[in-house]
Amino acid sequence: MRPLTDRHPGEGTLRRLVDEPVGVADADRAHVAGCPACLDGLAAARADATAAATALSTDAVPDVDRAWRRFTATAGTASPAPAATASRRRRSLRRSPVAAALGVALVLGGAGAAAAADWLQVFHTEQVQAVPVQTGELVALPDLSAYGDLQVVSEPDVQQVADAATASRMTGLDVPEVAALPAGVTGEPQVMAGGQVVAEFTFSADRAAQAAAAAGQTAPPVPAGLDGSTFRLVAGPGLAEVWNSSTGLPALVVARVTAPTAYSSGVPFETARDYLLSLPGLPADLADQLRTFTADGSTLPLPVPADLVSTSTADVDGHEATVLASRDGAMTGAVWVEDGVVTGVAGSLDEDEVLTVARGLR
C-alpha cells in the first residue's frame, strides 16, 4: 500500500468513509482523522451523500436510522423511567463536567459498540484520573446544548435483580466476589443491573458562536470538519452489589461497568478537545487541567469538588486506582480500570477498609 505521507486518500476513499467506513484501511482512516485537507474533503463527501439521500427520499420510505435508534432506546426495557426522571438525567448529562470538557458526556452504559464500529474511535478509557475543582465551578458549568444537539439514544434502566447470576447474564460481566466483608457490614447485598447508555452529540459552530457572543466574547475559528460532526458515546452495561446500613448511606457498594468509549464521525479527539476547551463558559482552572490529558484519549477525567472530597492514588493488584474520600469521613471509594472494565468499591468505610475489599475481590 502506498505511504500516506506521499499522497492524500482520493475522493473515492473519502466517500467510502461516509458510505462504508469499515471498508477503509486503518492507515487511510488515521490519515484522514489527522489531516485538515482530508477532513474538508470528508465534510464535502458527507454533504453530497446527504443531498443525494434527500433527493431520492419520499414519504413512503421509512427512516431506518431513526427507527433503529428508537428500537435500541426501548428494546429490552421492562420498566421505562418516568418522564420527569428522564428529563433530570438529560439535564444532568448536559451539565456534566466531562461533557463540558470534551463536548460530549462520557456516560455509563455498552452494546452499541457494534453500531459505533462504523465510526472513528477517539476515546477509550484505560485509566481514571481525578480533577479537583471547586463546587462553584461544577454548578457554573455551561449547558452542553449551547454548543450543539445532544440526544440520549439509550438509557440504562437500572433495576434490582434476583441474584448475581441474573446480573451477570444480563450484562455479560463477572460479578465481583468480596473475600471478606469489613467489620459492621453484614447480610446479603441487593444486586442491581443496568443496560447500555448511548448518547450522541452534534457540534454546531453557529450555537458555539451565539454562546460566545452571549458571554461578550468571540468564538475562535472552528477547525476543519468540526462543524456538524457527531460524537457517539457508549458505556456499560453495568452491575452493582449494595450492602445497606441504618444511616441512609450504603455500608458497601461494589460495582463494575464496561468502560466508556467515544466515537467520532471524523474529527480526532485532540481537535475537539482543544477547541471546546477554548470556548467561553468552562472555568479556566478546569480547562487547564483537562488540557493536560493524554492526546490518545485514554484517560477519563473525573471532576471532584476539592472542598468536599480529597483524592489520592493507590495500587490495586497492579492497577492504579483513584481513591476518593469525603472530608467529613462519611464515604470513601476507589475506582480503577482493567481490561476495558471500570470497577469501583465505596462505602461508609475508611481508606484501608475500602482498599482491603478492592484488593481481595475475586
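If you're wondering where the values come from, they're calculated on a predicted model, not measured in any experiment.

A.B. asks: Break down the overall build of the protein for me, with residues and values.
C.D. replies: In terms of regular secondary structure, the protein is built from 13 helices and 15 strands. With 362 residues in all, the protein has 44% of them scored as buried.

A.B. asks: Which residues make up the pairing of strand β8 (residues 238-243), and what are the values?
C.D. replies: Of all the six residues making up β8, six are buried; the element is thus mostly covered by neighbouring parts of the structure. Here β8 shows a buried face lined by Gly238, Ala240 and Val242 and a second buried face lined by Leu239, Glu241 and Trp243. Bridge analysis of strand β5 (residues 190-194) against β8 gives five bridges, and the strand direction is antiparallel. Counterpart to Gln190 in the pairing with β8 is Val242. Sheet analysis places β8 next to strand β9 (residues 252-258), joined by six bridges and oriented antiparallel.

A.B. asks: So what's going on with the packing of aromatic side chains? Residues and values would help.
C.D. replies: One pass over the full model with this rule turns up one aromatic pair. A ring pair is formed by Phe203 and Tyr275, whose centres lie 5.8 Å apart and whose planes are at 90°; its orientation type is edge-to-face. Taken together, the residues Phe203 in strand β6 (residues 197-203) and Tyr275 in helix α11 (residues 269-278) connect sequence positions 72 residues apart. We classify Phe203 as buried; its relative accessible area is 2%.

A.B. asks: Residues and numbers for helix α10 (residues 205-214), please.
C.D. replies: When we look at burial in α10, the residues that qualify are Ala205, Ala208 and Ala212. In a view along the axis of α10, the buried residues occupy a sector of 60°, so they form one face of it. The outward face of α10, more than 90 degrees from its buried face, is lined by the exposed residues Asp206, Gln210, Ala213 and Ala214. In this fold, the buried residues of α10 make contact with β6. One or two positions beyond α10, positive phi appears at Gly216, with a value near 75°.

A.B. asks: Quick rundown of the pairing of strand β11 (residues 299-305)? Include the residues and the values.
C.D. replies: Across the seven residues of β11, six count as buried, placing the element largely inside the fold. Where strand β2 (residues 127-133) and β11 come together, seven bridges link them in parallel fashion. Within β11, the position partnered with Val128 by the bridge is Leu300.

A.B. asks: Can you lay out the sheet that holds β5 for me, pointing to particular residues and giving the numbers?
C.D. replies: The sheet built from eight strands is open, its strands ordered β4-β5-β8-β9-β15-β14-β13-β12 with antiparallel pairing. The open sheet has two free edges, formed respectively by β4 (159-161) and β12 (309-316), since each of these has just one partner strand. Strand-to-strand twist of the sheet, defined as the mean angle between neighbouring strand axes without regard to direction, takes the value 20°. Pairing geometry for β9 and strand β15 (residues 341-347), over six bridges, is antiparallel. Bridge pairing in β15 links Ala255 to Gly344.

A.B. asks: With reference to specific residues and values, describe the environment of Ser168.
C.D. replies: Relative to the assigned elements, Ser168 resides in helix α9 (residues 164-171). Separated by 70 residues in the primary sequence, Ser168 and Gly238 place their C-alpha atoms 9.2 Å from one another.

A.B. asks: Quick one: what's the story with unusual backbone geometry, residue by residue and with numbers?
C.D. replies: In the segment running from Gly236 into Pro237, the intervening peptide bond is cis, with an omega of 0°. Along the chain, Pro237 falls in the loop between β7 (230-235) and β8. A positive phi angle, close to 50°, is found at Asp157, a residue other than glycine. Along the polypeptide, Asp157 turns up in the loop between β3 (148-154) and β4.

A.B. asks: Before we move on, can you summarise the environment of Ala215 with the specific residues and values?
C.D. replies: Tracing the backbone shows Ala215 in the loop between α10 and β7. By relative accessible area, which is 46% here, Ala215 ends up partly exposed. In sequence terms Ala215 and Pro280 are 65 residues apart; their C-alpha atoms lie 7.1 Å from each other.

A.B. asks: Can you tell me about the confidence of the model for the protein, naming the residues and giving the values?
C.D. replies: Interpreting fine coordinate detail is not advised for predicted regions of low pLDDT. Model confidence for the protein is summarised by a mean pLDDT of 75, while 68% of its residues fall at 70 or above. Within the protein, the element-level pLDDT minimum falls on helix α7 (residues 113-116), averaging 31, and the maximum on helix α13 (residues 351-360), averaging 98. Note on residues 1-6: pLDDT is under 50 here. Beyond four places in sequence and across chains, it has 11 contacts. Here residues 51-118 scores under 50 on pLDDT; set against residues more than four positions off or in separate chains, the count is 106 contacts.

A.B. asks: Quick rundown of α13? Include the residues and the values.
C.D. replies: Residues of α13 that are buried: Val354, Leu355, Val357 and Ala358. All buried residues of α13 project into a common sector of 160° when viewed along the axis, lining one side. In α13, those exposed residues whose orientation departs by more than 90 degrees from the buried face are Asp352 and Thr356. Turning to α13, the residues buried within the fold contact β9, β12, β13 (319-326), β14 (332-338) and β15. Here α13 starts with a cap whose side-chain oxygen sits 3.2 Å from the backbone nitrogen of Asp352, and that cap is Asp350.

A.B. asks: Can you lay out the pattern of salt bridges for me, pointing to particular residues and giving the numbers?
C.D. replies: Per the stated rule, a full pass over the model turns up three salt bridges. With a shortest N-O distance of 4.0 Å, Glu177 and Arg362 are connected by a salt bridge. Within this pair, whereas Glu177 is found in the loop between α9 and β5, its partner Arg362 is found in the segment after α13, the two being separated by 185 residues in sequence. The partner of Glu200 in a salt bridge is Arg232, and the shortest N-O contact between them spans 2.6 Å. Taken together, the positions of Glu200 in strand β6 and Arg232 in strand β7 put the pair 32 residues apart, joining distant regions of the chain. Neither residue differs from the other here; Glu200 and Arg232 are each classed as buried.

Calculation rules
Residues numbered from 1 in each chain as written. Predicted model: local features only at pLDDT ≥ 70, side-chain atom pairs only at ≥ 80, totals over all residues. Heavy atoms only, no water. Helix = DSSP H or I, 4+ residues; strand = E, 2+ residues; numbered from the N terminus. Buried < 20%, exposed > 50% of the residue type's maximum accessible area, 1.4 Å probe, protein only. Pairing = 2+ DSSP bridges. Phe/Tyr/Trp six-rings, centres within 6.5 Å; stacked < 30°, edge-to-face > 60°. Arc of directions from axis to C-beta. Contact = heavy atoms within 4.5 Å. Axes fitted to C-alpha atoms, helices over the stretch in contact; angles between N-to-C directions. pLDDT = per-residue confidence, 0-100. Polar contact = N/O pair within 3.5 Å; in protein donor to acceptor, adjacent residues only side chain to side chain. Salt bridge = Lys/Arg side-chain N within 4 Å of Asp/Glu carboxyl O.

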